[in-house]
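The lines below spell out each chain.
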Amino acid sequence: MLKPQSYAAGRWIAPGDTATTVIGSVDGQPIALAGGSDLNMQNMLDHARDTGGPALRAMTFHERAKMLKALAAYLDSRKEELYALNPLTGATRRDGAIDIEGGIGTMFLFASKGRREMPDGHVYIDGDVEQLSRKGSFLGQHIAVPLQGVAVHINAFNFPVWGMLEKLAPTLLAGVPAIVKPATQTSYLTEACFRMMIDSGLLPDGAAQLIVGRTGDLLDRLGAQDVVSFTGSADTANMLRSNPNLVRNSTRFLAEQDSLNAAILGPDAAPDSPEFALFIKEAVTEITAKAGQKCTAMRRLIVPETQLENVANALSDKLGNVVLGDPSAKETRMGALVSLGQKDDVLAKLATLAAETRLICGGPDALTDNLSGGAFLPPTLLACDDPDAATAVHSVEAFGPVSTLMPYRDLAHAATLANRGGGSLVSSLFTNDPQVARDVTLASAAWHGRLYIMNRTAGAEATGHGSPLPHMVHGGPGRAGGGEELGGIRGVMHYMQRTAIQGSPDILTAITGTWIPGSAEKTGPQHPFQRTFNEIEIGETLHTGSRTVTLDDIEHFAHFTGDTFYAHMDEDAARANPFFPGRVAHGYLLLSFAAGLFVQPDPGPVLANTGLNGLSFQKPVSPGDSIKVRLTCKRKTKRTDSYGEIAWNVTLTNQDGDQVAEYELLTMVSYDR
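**Q** Explanation requested: the side chain of Gln342 in the structure shown.
**A** For Gln342, the location among the structural elements is in helix α11 (residues 340-353). In terms of polar contacts, Gln342 uses its side chain to reach the backbone carbonyl oxygen of Phe399, at 3.0 Å. Setting aside residues no more than four positions away along its own chain, Gln342 makes contact with Phe157, Gln293, Leu337 and Phe399.

See the structure below:
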C-alpha cells in the first residue's frame, strides 16, 4: 500500500487517521492511503514567504535557470522509478511519456529560455526605454520583479508529473516559492517526483512544499502578493476563484479548465489527401491517449457534410483495432480511466449526449467481460447529425475516450460550430489551402487559446493537436478558464509584477543593470578589448578619433562588394531620391569604418564578435563627412564557465555631432586573461 506524504516547512508528514483510500483503476483494489494529516497552513505560508522566497530572490535569473536544468537532469536520471508507478494511474507507458518526459522536457526548456532570454540579474526589462522629456533627462522603463508571496498550484489527476513541473518551472524561474497540491487520486506519482527534487538537494529550503490531501483554509490566508494556479473543472475553478479572501485581496488566479476542443477537416481534404489521413490519425490519438483524459483532447470533430460517413468509417476501422487492457502490458494501446468514479462520470455524460447523437462505435456495451471490473471504457465515437439544433454536444464534456462527429455546410458554418464550445484551449484545422487557414483563423482565433493548423508540409514534424508545448501559451478564453500558462517567458511573467519606473538615465541604469544612453560614462585604464569580462564595468566607454569618408572610399567599396546601388554611384539619381542629398556612403561601409576605429587588434580577452542587434541609420553620410564612434558597455551576461557575453552600445556621429547610426554589438569575452 502506497502512503504518499506531504512536505511542509521542511518536514515529511505521513497520512493521517482520516486518510483517503485510493482505489486502483485497473482492478478496483486499494493501492494507496493519501492525506488526512494535520497540516498547519499558516506555517507553510510563512516558511515559503520568509525562507523560500528570500532565498530564491537572492539568486539571479540565470542561477535559477541553472537550478532548473540540474533538477531536470536529476529527474531524468531517475525517471524509470516514475514509470514503475505510472500503470497504477491507468496509463500505458506511451501515455506516461507524455506526463513524465513531457514534464522533464518542459523544465529543461524553461531553464534554456531563462539563460537565453532573461538577464543575469534580478530585474527583467520589459520593452524599450520611453523618452518622457525633450532632452532625455526624464525617462521611463517597464520592469518586472518577483512577487514576494507564494504560488499555490492546484493540479488535476490526469498529469501528475507534467501538471506539477509545467507550473513549477516558470514559478521557480521567476523567483517565487510554490506550494503544490496534486489531485489525491494520483498523488502518489506526484509525491514520488517531488521527493526526488527534495532528495536532489538543489532546491533552497522553502522553495517548494507539497500538500497531499485537502488544503483546509489555505486560500483564506492568501494575500495580494500570492498566486493561485488551478487546473481542473470549470465548476471547481468558479468555486475557488470566488473565495471572498481572494476577491478582497485581488489575488492572482490562473485557471486552465475543461474545454470542448474542436478539430475541423478542411473542405479541400478529400479522402485520398494527406490532410484527411492526418485528421484520422490525430483524431484516433486524441480519443485514445490517456484514455481521452486530456484537457486538450478533440471532443468535437467538425467535417464537411459530404465527408461525414467517410470519416465515420475510417475512424471506426482504426478505433476498432485499439487494444484495451492492462496498461502495463506491452500490447495494450489504451489503458483505464483514472478511477471507477471517473468512469461513472463519463457514462453519465454519455447518457446526456445520447439524446442528441447516434453511436458510431464503442460505448460501454462493447466492453469485454474480462475488463468489466476496472475503469475501462472502449474508445467511443458519436455522431450529431444536426449540430445547429443541439446544445449538449457544445456544452457537455465526457472526460474520457469520447468524441462526436458533426457535419458543416461551409467554412463559416464550421467556424461557428467550433466557436460554440464557448472557448477552448485548442482547436485544429486540417487543410492544405492557405486561404482556408486564414478564413478560419480570422473567424475563430478569438475563441481559442491555440490554433493547430496541419497540412502535408508540417505533418512529419508536428507534435500533435493535444500537445501543449512550453514555448507556446496554454490556456484559452471563456469556458477554458480565461488564463494562460507556459508560453516561454510569458509564463514566467505570471509570477512577477510589472512596474513602470521613472527617473533619470543614471537611476534607471542603476536599477536595471543595463546602461541607458544619457547615463554616466566611465573611462577604463586601457582599451576595453584588453580587459576581461570581470574587469569591464557597465558604462565603460571608448571614444574614438574620426575618419573622413571620401568618394574614392565609396566607389572602392561599391566595386569591391558589388553593391553599386544608384544612391552610391549616380549623383543625379541620388539627388532625386527624397532620402539623400546626393551620392552617399553605404551603411555597411560605415559599419566597417566604425570597427576600424574602435577595434584593438592585439590578442586579448575578447574572443569573438557574435553579431549585432537593432541596427538603424539616422542620417546619410556624404563624401567629405567624417565619422567617429562611441562604444559603451551596455550589458554583461555570463554564458559558460570560461566566458561571457558583453553587449556594447555603439553610436556613430558626424563632424556636426549628429548621430548617423546606432546598433548593439555582441562580443564573447573571457573571464581571465
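Picking up after the structure, the text goes on.
**Q** Help me understand the sheet that holds strand β17 (residues 402-408), please; the structure alone is not making it clear to me.
**A** Think of a sheet as strands paired side by side through backbone hydrogen bonds, with each pair either parallel or antiparallel. Reading across the sheet, the seven strands line up as β15-β16-β17-β14-β13-β18-β19 and stay open at both edges, with mixed pairing between neighbours. Only two strands of the sheet have a single neighbouring strand rather than two, namely β15 (358-361) and β19 (451-454). The sheet shows a mean angle of 25° between the axes of neighbouring strands, taken without regard to direction. Note: strand β13 (residues 262-265) against strand β14 (residues 300-304), three bridges, orientation parallel. Note on β14: the bridge partner recorded for Ile264 is Ile302. Lying over the sheet, helix α10 (residues 308-320) contacts β13, β14, β15, β16 (380-383) and β17, oriented at roughly 50° with respect to β15.

**Q** In this structure, what is going on with the environment of Ala608? I would like to understand it.
**A** Residue placement: Ala608 occurs in strand β24 (residues 606-617). Residue class for Ala608 comes out partly exposed when judged on its relative accessible area of 32%. Residues Ala608 and Gly136 lie 472 residues apart in sequence; the distance between their C-alpha atoms is 33 Å. Once you skip the residues sitting within four places of it in the chain, Ala608 turns out to touch Leu666, Thr667 and Met668.

**Q** Explain the sheet that holds strand β26 (residues 643-654) to me, please; I cannot follow it from the model alone.
**A** As summarised here, the arrangement of the five strands in space is β23-β25-β26-β27-β24, forming an open sheet in which the pairing is antiparallel. A single partner strand is all that each edge strand has here, and the edge strands are β23 (541-548) and β24. Averaged over all adjacent pairs, the angle separating strand axes in this sheet is 25°, with direction ignored. One ladder, built from 11 bridges, connects strand β25 (residues 626-638) with β26; its direction is antiparallel. Looking across to β26, one finds that Arg635 is bridged to Ala647.

**Q** Can you walk me through the pattern of salt bridges in this structure?
**A** A side chain with one charge may pair with a side chain of the opposite charge, provided their charged atoms come close. For the structure shown, the criterion picks out 30 salt bridges. In this structure, Asp258 and Arg479 form a salt bridge, with 3.6 Å as the shortest nitrogen-oxygen distance. One end of the pair, Asp258, is in the loop between β12 (252-257) and β13; the other, Arg479, is in the loop between β20 (473-475) and β21 (484-486), and 221 residues separate them in sequence. Linking Asp345 and Lys349 is a salt bridge whose minimum nitrogen-to-oxygen distance equals 3.5 Å. One end of the pair is Asp345 and the other is Lys349, both in helix α11 and four residues apart, which spans about a single turn. For Asp345, a relative accessible area of 30% translates into the label partly exposed.

The rules behind the values
Residues numbered from 1 in each chain as written. Predicted model: local features only at pLDDT ≥ 70, side-chain atom pairs only at ≥ 80, totals over all residues. Heavy atoms only, no water. Helix = DSSP H or I, 4+ residues; strand = E, 2+ residues; numbered from the N terminus. Polar contact = N/O pair within 3.5 Å; in protein donor to acceptor, adjacent residues only side chain to side chain. Contact = heavy atoms within 4.5 Å. Pairing = 2+ DSSP bridges. Axes fitted to C-alpha atoms, helices over the stretch in contact; angles between N-to-C directions. Buried < 20%, exposed > 50% of the residue type's maximum accessible area, 1.4 Å probe, protein only. Salt bridge = Lys/Arg side-chain N within 4 Å of Asp/Glu carboxyl O.

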